[in-house]
Amino acid sequence: MATWDDVRRIALALPETTERGSHDDLPAWRVRDKLFVWERPLRRADLDALGDAAPDGLILGARVPDLGAKEALLADDPRVYFTTPHFEGYPAVLVRLDRIGVEELTELVTEAWYARAPKRLAAAHRAEAG
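Sequence order as written defines residue numbering, which begins from 1 separately in each chain. Selection of residues for local features in this predicted model requires a pLDDT of at least 70, selection of side-chain atom pairs for listing and counting requires 80 or more, and totals for whole chains, interfaces and linings are taken over all residues. Processing note: side-chain calculations cover all non-hydrogen atoms of the structure and skip hydrogens and water entirely.

S.K.: Would you mind going over the packing of aromatic side chains in detail, with residue names and values included?
M.R.: Put simply, two rings from Phe, Tyr or Trp (the six-membered ring, in Trp's case) pair if the centres are within 6.5 Å, and we call them stacked under 30 degrees between planes, edge-to-face over 60, tilted for the rest. All chains considered together, the criterion is met by 4 aromatic pairs. Relative to F87, the ring of W38 has its centre 6.5 Å away and its plane inclined at 35°; by these criteria the two rings are tilted. Of the two residues, W38 sits in strand β3 (residues 34-39) while F87 sits in the loop between β5 (81-82) and β6 (92-96), which places them 49 residues apart along the sequence. F87 carries the same exposure label as W38, and that label is buried. Between F87 and Y90 the ring centres are 6.1 Å apart and the planes differ by 45°, which places this aromatic pair in the tilted class. A connected cluster of aromatic rings, assembled from ring pairs, spans W38, F87 and Y90. In this structure, R126 packs its charged tip against the face of Y114, placed 3.7 Å from the ring centre. Helix and strand labels come from DSSP, where a helix needs a run of H or I of at least four residues and a strand needs a run of E of at least two; each type is numbered from the N terminus. Between buried and exposed lies partly exposed: a residue is buried under 20% and exposed over 50% of the maximum accessible area for its type, with that area taken using a 1.4 Å probe on protein chains only. The criterion is that NZ of a Lys, or CZ of an Arg, lies within 6 Å of the ring centre and within 35 degrees of the ring normal, and then a charge sits over that ring.

S.K.: An account of the nonpolar core is needed here, citing residue identities and associated values.
M.R.: To qualify as a nonpolar core, a set must consist of buried Ala, Val, Leu, Ile, Met, Phe, Trp, Tyr and Cys residues joined through side-chain atoms within 4.5 Å. By size, the foremost hydrophobic cluster in this structure holds 29 residues, and its most contacted members are F36, V37, L60, I100, L105 and W113. Secondary structure elements with two or more residues in this core: α1 (4-12), β2 (28-31), β3, β4 (59-63), β6, α4 (102-116) and α5 (119-129).

S.K.: Report on the packing of α1 against α4, specifying residues and quantitative values.
M.R.: For the pair α1 and α4, the least separation of the axes is 10 Å and the interaxial angle reads 45°. In this view, α1 runs oblique relative to α4, as classed from their interaxial angle. Judged by the sense of rotation from one axis to the other, the crossing of α1 with α4 is right-handed. When α1 is examined against α4, the residues D6, V7, R9, I10 and A11 are found in contact with a partner set consisting of V102, L105, T106 and V109. Residues are grouped as follows: Ala, Val, Leu, Ile, Met, Phe, Trp, Tyr, Cys and Pro are nonpolar; Asp, Glu, Lys and Arg are charged; all remaining types, including Gly, are polar. Among the residues forming the contact of α1 with α4, the class breakdown is 6 nonpolar, 1 polar and 2 charged. Helix axes use the C-alpha atoms of the stretch in contact, all axes being lines fitted to C-alpha atoms, and the angles between their N-to-C directions lie in the range 0 to 180 degrees. Here roughly perpendicular refers to angles of 65 to 115 degrees, roughly parallel to angles under 35, roughly antiparallel to angles over 145, and oblique to all remaining angles. Crossings are sorted by hand: turned counterclockwise from the far helix by less than a right angle, the near helix makes the crossing left-handed, and turned clockwise it makes it right-handed. Contacts are assigned to residue pairs that have any heavy atoms within 4.5 Å of one another.

Nothing here speaks to function; it is all geometry.
Written out as structure tokens, the structure reads:
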């Protein structure tokens, strides 16, 4: 089970990442001021849309490269990944933090960073990471 400390550690290990509260003053991480992962509690409209399927617990929002990647994650493990009508047509997934392992979280956060980082910075990081 992953924690906010894991998210923070993974995100801040990536180049030029900053932690700054979202508009709700919840934890959020950015690369050159582009949001890539954030805490995203469910709102009333989300709860209404999800009904009995609405999870409780900590929810992470994460950018993905495109809608195809989003659909793949949602299909791959709906126990971990989900979405709401608010994110329809938007390249992001919601993650049940208490159901994702640290290794998978690391991959998700890193890919979210790549999706938002400037191309040169992402290429330099890929080259450095090998």
